[in-house]
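# An overview of the molecular structure
So the chains spell out like this:
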Amino acid sequence: MLSDTALVYLMACYTAFLATGHAIGLKSIKSGTVDGYLLTIKKFLKNFDPKSDRDARMFSGAHVIAAPIKKVIDEMKRFEKLPNRREPWTLQLQSRLFKDTEDEPADSLAKAGCQWYCCIFPAGCRRIEWCQPYANRDPSKQPDLNDRKDTYAFCVDDVRFLGKGQVRIATAHAITHRDEVHYVELTFRMQKNGKHGEVKRFSRNLRTPSLDAVTHWIIILERFARLVGLEEKQRPLAIYYDYDKKKTMNICSDDSKRLMQNTVRLEYGITDIKELSRWTNHSIRVGMACLLQSQGKAGDYIQRALRWCSDTWKLYTRNLWSESIDLSNTMTNEMETIIELLDAY
């Protein structure tokens, strides 16, 4: 028979298991539902427990839910209170989109959107920094402007290519001599954090070419040069070709959101419209914050990498596979230690 302490930690492991989406239906559930699960288990165990007055959720002699269980529940409640939560865009989703668009026409919305995601994901870009609102899909409309009255989204001069030894390479040359390009620098002319003109550098991803932002930036500039022209300095770079209308269009927020939600539907099997609505353009920024956290990056690194001037990034973190596995392992290790100590005495 398990000791009171061992039983509590076993229940804590189960609570963490439920909290990370492992309930029936493999969907996220509310903290209140988890409370209900635990109460049901408590009643069920009483049918077999020699200690008729034992509550599997509490330490011996206590009258409150044990701390290891309560901490998980409290974290779920904190998560639920945060307004307008957005689900993260993930590498799993990015890989699915890349595979699904391999045979798409070179300038289609899906192809262009996939390439843009590869570029804005590592930069944690906000929607306004790369694409247009729905009303500005037509290129004849004025794009979103910043406080300086110029285009907010990335334009030609915001992207700079560098070669070996950090030597600058002209965009036209980079397009025709891709192998000479080693880095790309992005200039964020206007930012929410007030650090206007900040420059971020990204290097080639030789280990995973499908995620190589440098290559995708070159393709984006090549498309722009061919469909619009590099001399158009104030035109947003995020464009695609509508093969039905035979017209070059701006990528807009609705285009991006629809592409993203369709990928989620295909990869995760989610069909509920309300649930799908949790993936929006801001999921890119959420996703990169989660990815960096899952890799164990320090808070100041995440803050600097994603261009925050505060700890706001903490509101973006979500329950991740890596965390759920680590949490389960931690709880199991602790329970085994306790059992060993109890057996020793």
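Residues numbered from 1 in each chain as written. Predicted model: local features only at pLDDT ≥ 70, side-chain atom pairs only at ≥ 80, totals over all residues. Heavy atoms only, no water.

Let us look at the layout of surface pockets. Computed from the structure, the second largest pocket encloses a volume of approximately 670 Å³. Taken together, the elements giving at least two residues each to the lining of the second largest pocket come down to helix 4 (91-100), helix 5 (109-123), strand 4 (198-203), helix 10 (283-294) and helix 11 (299-305). A breakdown of the residues in the lining of the second largest pocket according to their chemical character gives 14 nonpolar, 4 polar and 6 charged. (1 Å grid on protein atoms, 1.4 Å probe; cavity = no way out; pocket = protein on both sides within 12 Å on 5 of 7 lines; lining within 4 Å. Points joined across faces, edges and corners; volume = space filled by probe spheres on them. Helix = DSSP H or I, 4+ residues; strand = E, 2+ residues; numbered from the N terminus. Nonpolar A, V, L, I, M, F, W, Y, C, P; charged D, E, K, R; others polar.)

The interhelical angle for the contact between helix 4 and helix 5, taken along N-to-C directions, is 155 degrees, at an axis separation of 9 Å. As the angle between them shows, helix 4 and helix 5 are arranged roughly antiparallel. The element helix 4 and its partner helix 5 pack so that their crossing is left-handed. Contacts from Leu91, Gln94, Leu97 and Phe98 of helix 4 reach helix 5 at Cys114, Tyr117, Cys118 and Phe121. Here the contact of helix 4 with helix 5 is composed, by residue class, of 7 nonpolar, 1 polar and no charged. (Axes fitted to C-alpha atoms, helices over the stretch in contact; angles between N-to-C directions. Parallel < 35°, antiparallel > 145°, perpendicular 65-115°, else oblique. Left-handed = near helix turned anticlockwise from the far one by under 90°. Contact = heavy atoms within 4.5 Å.)

Glancing now at the sheet that holds strand 3 (residues 183-188). Ordered in space as 2-1-3-4, the 4 strands form an open sheet in which the pairing is antiparallel. Each edge of the open sheet is held by one strand with a lone partner, namely strand 2 (168-169) and strand 4. Pairing geometry for strand 1 (residues 159-162) and strand 3, over 4 bridges, is antiparallel. Residue pairing for strand 3: Val159 is matched across the bridge by Leu186. Its contacts with the sheet put helix 7 (residues 213-227) on strand 1, strand 3 and strand 4, and the angle it makes with strand 1 is roughly 125 degrees. (Pairing = 2+ DSSP bridges.)

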